[in-house]
Amino acid sequence: MDRTGNTIGKVLIIGAAGLMSVSILCAWESKLFPRTEQGYEYATASDGYRLPDFSYAGYHGGDKEIPAIETAESISSSGSDDTAAIQKAVDEMKKPGALLLRAGTYIVTDEIVLPPGAVLRGEGTNRTFIFVKTTDFRSKAAIVGYHSAFTKQKRSVWSSSEPSQKSFVDQNIARGASVIPVARLADFPEGSWVVVKNEIRKSESNPLREEYNGTSSDGGTLLWPSDWVSFKFMRKVVRHENGSLVLDHGIRHLLQTRDFAQVMEAPDMGEEIGVEDLSIGFLKPDDHDTYHSLTSAGEKSSYHFARAVSFGNVRNGWIVRVASYIPEGGVHLLSCGIGLEHSKWITVKDCVMQDPVNLGGGANGYGFLIYGADECLVLNSTGIDCRHNFMLTIAATGNVITGCTSVGSRYGDDSHQGLACENLIDDIRITAPSAIGAGFIWGIQNRGKTSAGAGQCGADNVFWRVFWDDNRFPLISDQAEVNGSAGYVIGVSKVKENIQSKREWREGIGDEANLMPRSLWQEQLKLRKKSAD
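These figures come from a predicted structure and were not determined experimentally.

S.K.: Would you explain the overall build of the protein chain in this entry?
M.R.: Regarding its fold elements, the protein chain presents five helices and 43 strands. Expected size for 533 residues packed as a compact globule is a radius of gyration near 24 Å; at 23 Å, the protein chain falls within 12% of this value. Each principal axis of the C-alpha distribution contributes one length, and for the protein chain these read about 70 × 70 × 55 Å. For the protein chain, contacts bridging at least 24 residues in sequence account for 72% of all contacts bridging at least 6. Counting only carbon and sulfur atoms, one obtains 49% of the accessible surface of the protein chain, whose full area is about 20,200 Å².

S.K.: Just to check I follow, could you spell out the pairing of strand β25 (residues 336-341) for this structure?
M.R.: Side-chain direction in a regular strand flips from residue to residue, so the side chains alternate between the two faces of the sheet. Counted residue by residue, β25 has six buried out of six residues, so it is predominantly covered. Where strand β22 (residues 307-312) and β25 come together, five bridges link them in parallel fashion. Within β25, the residue paired with Arg307 across the bridge is Cys336. Both β25 and strand β28 (residues 366-371) contribute to a ladder of four bridges, which runs parallel. Across the sheet, the residue bridging to Leu340 is Ile370, located in β28.

S.K.: Can you help me understand the environment of Leu100 in this one?
M.R.: Within the secondary structure layout, Leu100 lies in strand β7 (residues 97-101). The class for Leu100 is buried, based on a relative accessible area of 16%. Placed 207 residues apart in sequence, Leu100 and Arg307 show a C-alpha to C-alpha distance of 22 Å. Ignoring anything within four residues of it in the chain, the contact list for Leu100 reads Thr71, Glu73, Ser74, Ile75, Arg121, Gly122 and Glu123.

S.K.: Hey, could you run me through the pattern of salt bridges in this one?
M.R.: Pairing of side chains with opposite charge becomes possible as their charged atoms draw close. Here the structure, examined in full by the defined rule, presents 29 salt bridges. Between Arg155 and Glu341 there is a salt bridge, with the nearest N and O atoms lying 3.5 Å from each other. Remark: Glu341 occurs in strand β25 and Arg155 occurs in the loop between β12 (141-146) and β13 (166-168); sequence separation between them is 186 residues. A relative accessible area of 1% means that Glu341 is categorised as buried. Salt-bridge contacts for Arg235 lead to Asp374; the nearest nitrogen and oxygen are separated by 3.1 Å. Of this pair, Arg235 sits in strand β18 (residues 232-241) while Asp374 sits in the loop between β28 and β29 (377-379); the two residues are 139 residues apart in sequence, bridging distant segments of the chain. On the basis of relative accessible area, Asp374 is assigned to the buried category, the value being 0%. Here the salt bridges share partners, and the residues they tie into one network are Arg175, Arg235, Arg252, Lys344, Asp374, Glu375, Glu422 and Asp460.

S.K.: Would you mind going over the environment of Ser139 with me for this structure?
M.R.: As for its placement among the helices and strands, Ser139 is situated in the loop between β11 (128-132) and β12. Taking the C-alpha atoms as reference points, Ser139 and Gly191, 52 residues apart in sequence, are found 34 Å from one another. Apart from the residues lying within four places of it in its own chain, the contact partners of Ser139 are Glu111, Phe150, His304, Phe305, Ala306 and Arg307.

S.K.: What exactly am I supposed to notice about the sheet that holds β28 here?
M.R.: Sheet strands associate in pairs through backbone hydrogen bonding, adopting either a parallel or an antiparallel arrangement. Taken together, the nine strands give an open sheet; going across it, the order is β9-β12-β22-β25-β28-β31-β34-β37-β40, and neighbouring strands pair in parallel fashion. Strands at the two margins of the open sheet, each flanked by one partner only, are β9 (112-114) and β40 (476-477). With five bridges joining them, β12 and β22 adopt parallel strand pairing. Counterpart to Ala141 in the pairing with β22 is Arg307.

S.K.: What should I look at first to understand helix α5 (residues 520-532) in this one?
M.R.: Think of an α-helix as 3.6 residues a turn; residues three or four steps apart then line up on the same face. Here α5 spans 18 Å end to end across 13 residues, near enough to the 18 Å set by a 1.5 Å rise per residue. Among the residues of α5, Leu520, Trp521, Glu523, Gln524, Leu525, Leu527 and Arg528 are the ones counted as buried. Where α5 is buried, its residues contact β5 (39-40), β29, β32 (400-402), β36 (424-431) and β39 (462-468).

S.K.: It is not clear to me how unusual backbone geometry should be interpreted in this structure. Could you clarify?
M.R.: Peptide bonds are trans in most cases, and residues, glycine excluded, mostly fall at negative phi. Here the residue pair Lys95 and Pro96 is connected by a cis peptide bond, since its omega of 0° sits within 30 degrees of zero. Note that Pro96 resides in the loop between α1 (83-92) and β7. With omega at 0°, the peptide bond leading from Met516 into Pro517 counts as cis. Relative to the elements of secondary structure, Pro517 occurs in the loop between β43 (515-516) and α5. Backbone geometry at His342 places phi at a positive 50°, although glycine is not the residue there. On the secondary structure map, His342 appears in the loop between β25 and β26 (344-349). His342 gets classed as buried once you look at its relative accessible area, which sits at 0%. Phi is positive for Asp427, which is not a glycine, with a value near 55°. Asp427 gets classed as buried once you look at its relative accessible area, which sits at 10%.

Calculation rules
Residue indices follow the written sequence of each chain, beginning from 1 at its first position. Local features in this predicted model are restricted to residues whose pLDDT is 70 or higher, and side-chain atom pairs enter the listing and the counts only when it is 80 or higher, whereas totals over whole chains, interfaces and linings include all residues. The basis for the side-chain values is all heavy atoms of the structure; hydrogens and waters are excluded. Here a helix means four or more residues in a row that DSSP labels H or I, a strand means two or more in a row labelled E, and each is numbered from the N terminus. Radius of gyration here uses only the C-alpha atoms, and the compact-globule reference equals 2.2 Å multiplied by the residue count raised to the power 0.38. Note on contacts: a residue pair is in contact if any heavy atoms of the two residues lie within 4.5 Å. Using the Shrake-Rupley algorithm and a 1.4 Å probe, accessible areas are obtained, with residue cover drawn only from the displayed protein chains. The classification of residues rests on relative accessible area computed with a 1.4 Å probe and restricted to protein chains. Under 20% of the type maximum is buried, over 50% is exposed, and intermediate values are partly exposed. At least two bridges found by DSSP between two strands are what make those strands a pair. In what follows, salt bridge is the name for a side-chain nitrogen of Lys or Arg lying within 4 Å of a carboxyl oxygen of Asp or Glu. Here the expected span of a helix is defined as 1.5 Å times the quantity of residues minus one.

Below, the structure written as structure tokens:
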């Protein structure tokens, strides 16, 4: 066994020089997820390290396959602005149902909004094209799942300031807890959805900020500046028991009464929304060269934070086989690709997003954006030449990025703002990195005052089998170590060694190719389903 815990075997080779014994590196397993006669299982190290359970990520928490929804209506492109025709067909068709966009190019100039039960379907990424023929698209998305900043009902950010039923709890809620005592059970009926959270208030002196960041402010910039980045977990109330809510599964981080731990009635969420089998491209802006720079003031452009697809307040949805493309006189993306924003249990599968125009700071240039989302899954997808190809931000939790490829990410991929906790970066291939500006391949660390007070951006996140082809750049995992949290780096090409955190589990550095199982998420899902049988 070598120093990383890998098993070394020997084989006999007969050659011209006779019989030779040659050492070879064999498959290896993590000490935290070993294989037994019954299969893989969880193990806890003597100092408390234990892998989180990521098996709840994706559509219906991994318990259902994405459905084949029957086509309810179909339309063809008109050759002119199709926005109103598509929206009318979506609104009027039977639901659940799919609107089929027959092969062709559909010109749109505003958001297409999908209500609950609606699926927008093309005839393939090389046959059905949506061409956004305007650059006046600031903070908009070509396709919106349910809520956005422009819909009649605005997207909720699961903030304590929003009008909803709330109950502060009178005891700390431990990481992993699924039984939550509340004063009035009737406020949260069985079968309802709740958000279990803390509350980050704007006061300068704040023990939560200081505990995780070492200070409340950095150079005059308030860290974790608002309740947008509070720790929050959307769960279903299974039943009432002895004055407590019993949830469908546990929360992913400690919530303390000191930090206003509470249960909040979940906001309105759109269910069973999907986008399938089409491509999206945008009109090339006249100021392309101004904003196609990492140092540009991207937030000033008329297409700041413009996205191809945005799911806002969607629970149980999917985006599959969706790609960006270059229309005639156009570009792949204006600013961002696919955004999952304060949504839960979304599966993104077999998608490709690439080469945004706006690469400037302030929420631009992202390929796949997991924004305050809970237990979503990005599977077998590719980001190419974005500022950040893949990003976790606004305290995203329980999400899984697996089987994906990141090509030419210009500033590396990262956790960007607020404490992302218990997310999994799993079986990832990174090629042609151009992360000169960031100096890392993927980073989860304390970002201090950058990005409007991003602060410490991770706790209990796991890197599993991540490999790349340029050893100039390491992976950075320097995660919060308070309240028993840690970082996990298992089977990666290279990792930065000089860090602040004293609780980082590292295993198999430089031998990612031989780590088994290939996907931690897949094996954890199998294990949970087996245990349920």
